[in-house]
Amino acid sequence: MAEQDKINKLKMHSPDLSQENITKLREMFPGCVTEARDEETGQLRLMVDFDQLRQELSDDIVEGSQERYRLDWPGKREALALSNMRIAKALRPIEGESVNFHTTQNLFIEGENLEALKLLQETFLGKVSTIYIDPPYNTGKDFIYSDNFTEGVHSFLSKTKQIDENGGRLVANPESNGRFHSDWLSMMYGRLRFARNLLSEDGIIFCSINHREVAQLKILMDEVFGFENSVCTFAWRTDGNFDNQAKFKYCHEYILAYAKNEVEFPHPLVVDPNVPETSKIYRPEIRNTIVKNGPKNPPSSIVLPAGFPAAFEEGEIAHRVGAWPQFEGTVRVTGGKTQNRVSIYSGWSSRELLEGFIKNDCHPISDAKGQATSFELTATGTVEAVKVRGEPSHVISWLTGFGGSQKATAELDEIGIDFDDYPKPLALIRYFIQMAPSKNGIFFDFFAGSGTTAHATMLQNSMDGGTRKFIAVQMPEQVDAKTNAGKAGFTTISEITKERIRRAGTKILEGECHSDWNRDVGFRVLKVDASNMKDVYYRPDELIQSDLLDMVDNVKEDRTPEDLLFQVLVDWGVDLTLPIRREEVQGKSVFFVDENALVACFDTGVSEELVKELASYEPLRVVFRDTGFVSDAVKINVEQIFRQLSPTTEVKAI
């Protein structure tokens, strides 16, 4: 068949990030990027002339490496290269383990989280509102994450003498290992880089850690997210952890918070409800005090519509008992320096009003950030307070009263799950969820553990009517048969996670729920697996005579049409939570994703009449099996048919 007659094929693997980064670099420094032939594949690839790049970035002649401030460890470069490496993997849907598979907006992904993060890059790039992770604390125990993806977890553990022949745990990253910190940092490095890619511009990540690695993690996150985006280091009092036998009894852990872009991340409007009444955050005369040696910026004035008090100075806040009338108008700010901020709030003037503020989840009606000396904003709503930049943080970095692992374990007991591997309490995660800029964002946890983040997201939605979605990723780590969870029949932690989410959803629905909540307690289960495509799909040039018969179809025999559909969704970057409808069209099985966002037919014997009918739906995208057409003539005419009947449709084949 002539080259021009072929339908473009989907790549069916995660993006090659190194090539994408080089493409971006070429836009800034075109003279530093060249084409060279890959020694392994023989294909032309973009390559960086690093000597030239170093010279481009320096005023002096560059000779050799230069010292600079950074965190280094053995294996860092390998970890970076590995995170850039593409993978030919698939997310296979498991409807039988899901809840409300066809209607839910939530995802549970079972598999290695670095692989999952790579597969989610195109679909959720810049779309995640909040990430919370509770990674292994590098205590010398239970550190099983390996970045050697050429083999399974069991094979890795066996090869490195970490499990016996029966699968029992022997050692895992023991402190005697000279790469103790290096292994942990290499594991975290790539995962944090991908996490940053997924965050929206106003998004935030929270990472739990203990005293052993907090120093290294802080520097690592400074490098990945930028030290200027460090929002807070929380000290969380983990009530009840006084039984450790260390020389110093520690009863707290740390949670590092980094914004994707600190300028875009709004000031959180939540306060630890256990803060004592005497705290200065409840005293406006202290809370709104301008810095000791005068204001950070010259005073600003604001002009308000009728019904508001007179203009006031920066840092002050106006209160009134009860609400002002419904307001619609423009607030004009003049004077001052850059980055003045005016916020119109349903505000507070007492502890009672503040608690009501948190309970009702009142966010700013409007918030303006200006780089000029004057700007305007318009707001509509019931207003109780107006204030100008100079505001303090509303979040306290010392977290008390949320409980610790004992409380979290008790919460699991309430739904019949016996899991004592240091879960996090629901109140703590709900606290971070409420810091998100909206109630309809995506909340992501790629060290899902027992599933606290998913549980907390559903619970918070039920309380305030939000439509937040969760994505939880958990590896099928083996459960010790001697533990209570093992005795209860669980074989992997991912099984515990899924069952916890199921039972939590049922319990939440049985309780009092917000009238506006959509009651979504479901989740789609997707499992990371090898690609649905045979090896020769990716390396057709290596086809030999003995492969010709096997190449009648390039899809693996044990894969379903649903498997193919989800690999196409991942490859095309289509939302994995969109509704999917499957129906018979001219005797063939056809998938409609969000009606016409994507139409897919993986059956064989596709006729020209079927192609024309599918074109009549005018889908944004359509995909067929490369070997699925009734004849070569039909295959050749597919793109022409769509150009005539639905010219905006993108046509691909697998």
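Please refer to the structure placed before this passage.
Here goes a summary of the coordinates provided.

Thresholds applied
Residues numbered from 1 in each chain as written. Predicted model: local features only at pLDDT ≥ 70, side-chain atom pairs only at ≥ 80, totals over all residues. Heavy atoms only, no water. Helix = DSSP H or I, 4+ residues; strand = E, 2+ residues; numbered from the N terminus. Areas by Shrake-Rupley, 256 points an atom, 1.4 Å probe, with all protein chains shown as cover. Phe/Tyr/Trp six-rings, centres within 6.5 Å; stacked < 30°, edge-to-face > 60°. Lys NZ or Arg CZ within 6 Å of the ring centre and 35° of its normal. Pairing = 2+ DSSP bridges. Contact = heavy atoms within 4.5 Å. Axes fitted to C-alpha atoms, helices over the stretch in contact; angles between N-to-C directions. Polar contact = N/O pair within 3.5 Å; in protein donor to acceptor, adjacent residues only side chain to side chain. Buried < 20%, exposed > 50% of the residue type's maximum accessible area, 1.4 Å probe, protein only. Salt bridge = Lys/Arg side-chain N within 4 Å of Asp/Glu carboxyl O. Parallel < 35°, antiparallel > 145°, perpendicular 65-115°, else oblique. Left-handed = near helix turned anticlockwise from the far one by under 90°. Nonpolar A, V, L, I, M, F, W, Y, C, P; charged D, E, K, R; others polar. Patch = residues over 30% accessible without salt bridge, like charges linked within 9 Å, V, L, I, M, F, W, Y side chains within 5 Å. Lys, Arg positive; Asp, Glu negative; His and termini not counted. Charge placed at Lys NZ, Arg CZ, Asp CG, Glu CD. Right-handed = clockwise from strand over helix to strand, strands pointing away.

Topic: the overall build of the protein chain
A tally of regular secondary structure across the protein chain gives 18 helices and 24 strands. A total accessible area of about 31400 Å² is found for the protein chain, and carbon and sulfur atoms account for 50% of it.

Things to note about the packing of aromatic side chains
Taken as a whole and assessed by the stated rule, the structure comprises 15 aromatic pairs. Ring plane angle 85° and centroid distance 5.5 Å describe the contact between tryptophan 73 and tyrosine 189, whose orientation is recorded as edge-to-face. Taken as a pair, tryptophan 73 in the loop between helix H2 (50-56) and helix H3 (76-84) and tyrosine 189 in helix H6 (residues 180-198) lie far apart in primary sequence, 116 residues in all. The structure contains a cluster of three or more aromatic residues connected by ring pairs, namely Tyr132, Phe206, Phe234, Phe402, Tyr431 and Phe432. Directly above the ring of tyrosine 189 sits lysine 76, whose terminal nitrogen or CZ lies 5.6 Å from the centroid.

Section: the sheet that holds strand E7 (residues 230-237)
The 10 strands lie next to each other as E3-E19-E4-E18-E17-E5-E6-E8-E7-E16, forming an open sheet whose pairing is mixed. Both outer strands of the open sheet, strand E3 (89-93) and strand E16 (398-399), are each paired with one neighbouring strand and no more. Note: strand E4 (residues 107-110) against strand E18 (residues 469-474), 4 bridges, orientation parallel. When the sheet's bridge partners are listed, isoleucine 109 is paired in E18 with valine 473. Contacting E3 and strand E19 (524-530), helix H16 (residues 561-572) crosses the sheet at an angle of about 125° to E3.

A word on the side chain of threonine 577
For threonine 577, the location among the structural elements is in the loop between H16 and strand E20 (580-585). Side chain to side chain, threonine 577 and aspartate 575 meet in a polar contact 2.8 Å long. Dropping the residues within four chain positions of it, threonine 577 is found in contact with Thr104, Gln105, Asn106, Leu107, Lys469 and Arg524.

Points about the environment of leucine 119
Mapping leucine 119 onto the fold places it in helix H4 (residues 113-124). Given a relative accessible area of 3%, leucine 119 falls into the buried group. Between the C-alpha atom of leucine 119 and that of isoleucine 87, which follows or precedes it by 32 residues, the distance is 8.4 Å. Those residues in contact with leucine 119 that lie beyond four places of it in its chain are Ile87, Lys89, Ala90, Leu91, Val528 and Val570.

Details of the pattern of salt bridges
One pass over the full model with this rule turns up 25 salt bridges. Among the salt bridges present, the one from lysine 89 reaches glutamate 115, with a minimum N-O distance of 3.5 Å. With lysine 89 in strand E3 and glutamate 115 in helix H4, this pair connects stretches of sequence that are 26 residues apart. Exposure remark for glutamate 115: the relative accessible area of 7% places this residue in the buried category. Salt-bridge contacts for glutamate 97 lead to lysine 498; the nearest nitrogen and oxygen are separated by 2.6 Å. One end of the pair, glutamate 97, is in the loop between E3 and E4; the other, lysine 498, is in helix H14 (residues 493-510), and 401 residues separate them in sequence.

Looking at the packing of helix H17 (residues 608-615) against helix H18 (residues 632-645)
Two elements in contact, H17 and H18, have axes separated by 10 Å at closest approach and are oriented at 25°. When the interaxial angle is binned, H17 and H18 end up roughly parallel. Crossing of H17 against H18: the hand is right-handed. Touching Glu608, Val611, Lys612, Leu614 and Ala615 of H17 are Val634, Asn637, Val638, Ile641, Phe642 and Leu645, all from H18. The class makeup of the residues in the contact of H17 with H18 is 8 nonpolar, 1 polar and 2 charged.

Considerations on H4
The buried fraction of H4 amounts to 11 of the 12 residues, a majority that puts the element mostly inside the structure. The complete set of buried residues in H4 reads Asn113, Leu114, Glu115, Ala116, Leu117, Lys118, Leu119, Leu120, Gln121, Thr123 and Phe124. Where H4 starts, the residue carrying a side-chain oxygen 2.8 Å from the main-chain nitrogen of leucine 114 turns out to be glutamate 112. Just past H4, the residue glycine 126 takes up positive phi, approximately 70°.

Here we look at a negative patch on the surface
Negative charge collects at one region of the surface, where Asp413, Asp418, Asp420 and Asp421 lie side by side. Of note, aspartate 413 is situated in helix H10 (residues 405-413). Residue class for aspartate 413 comes out partly exposed when judged on its relative accessible area of 46%.

Examining the pairing of E18
In terms of burial, E18 is a largely internal element, 5 of the 6 residues being buried. Handedness of the crossover is the feature at issue here: the chain leaves strand E17 (residues 442-445), passes through helix H12 (residues 452-464), returns alongside E18, and the resulting connection is right-handed.

Quick word on the environment of asparagine 210
Relative to the assigned elements, asparagine 210 resides in the loop between strand E6 (199-209) and helix H7 (214-225). C-alpha separation for the pair asparagine 210 and alanine 235, spaced 25 residues apart in sequence, amounts to 9.8 Å.

A few points about the sheet that holds strand E24 (residues 650-653)
With respect to topology, 5 strands assemble into an open sheet ordered E20-E21-E22-E23-E24, the strand pairing being mixed. The open sheet is flanked by E20 and E24, the only strands paired with a single partner. The sheet shows a mean angle of 20° between the axes of neighbouring strands, direction not considered. Where strand E23 (residues 621-624) and E24 come together, 4 bridges link them in parallel fashion. Among the inter-strand pairings, phenylalanine 624 is bridged to a residue of E24, identified as alanine 653.

Some points on the packing of helix H11 (residues 426-433) against H12
Between two packed helices, the angle of one axis relative to the other and the distance separating the axes together describe the packing. Where H11 meets H12, the closest approach of the two axes is 9 Å, and the angle between their N-to-C directions is 65°. With respect to their mutual orientation, H11 and H12 come out roughly perpendicular. As H11 runs across H12, the sense of the crossing is right-handed. Taken together, the residues of H12 that come into contact with H11 (itself represented by Leu426, Ile429, Arg430 and Ile433) are Thr452, Thr453, His455, Ala456, Thr457, Leu459, Gln460 and Met463. Looking at the contact of H11 with H12, its residues break down into 6 nonpolar, 5 polar and 1 charged.

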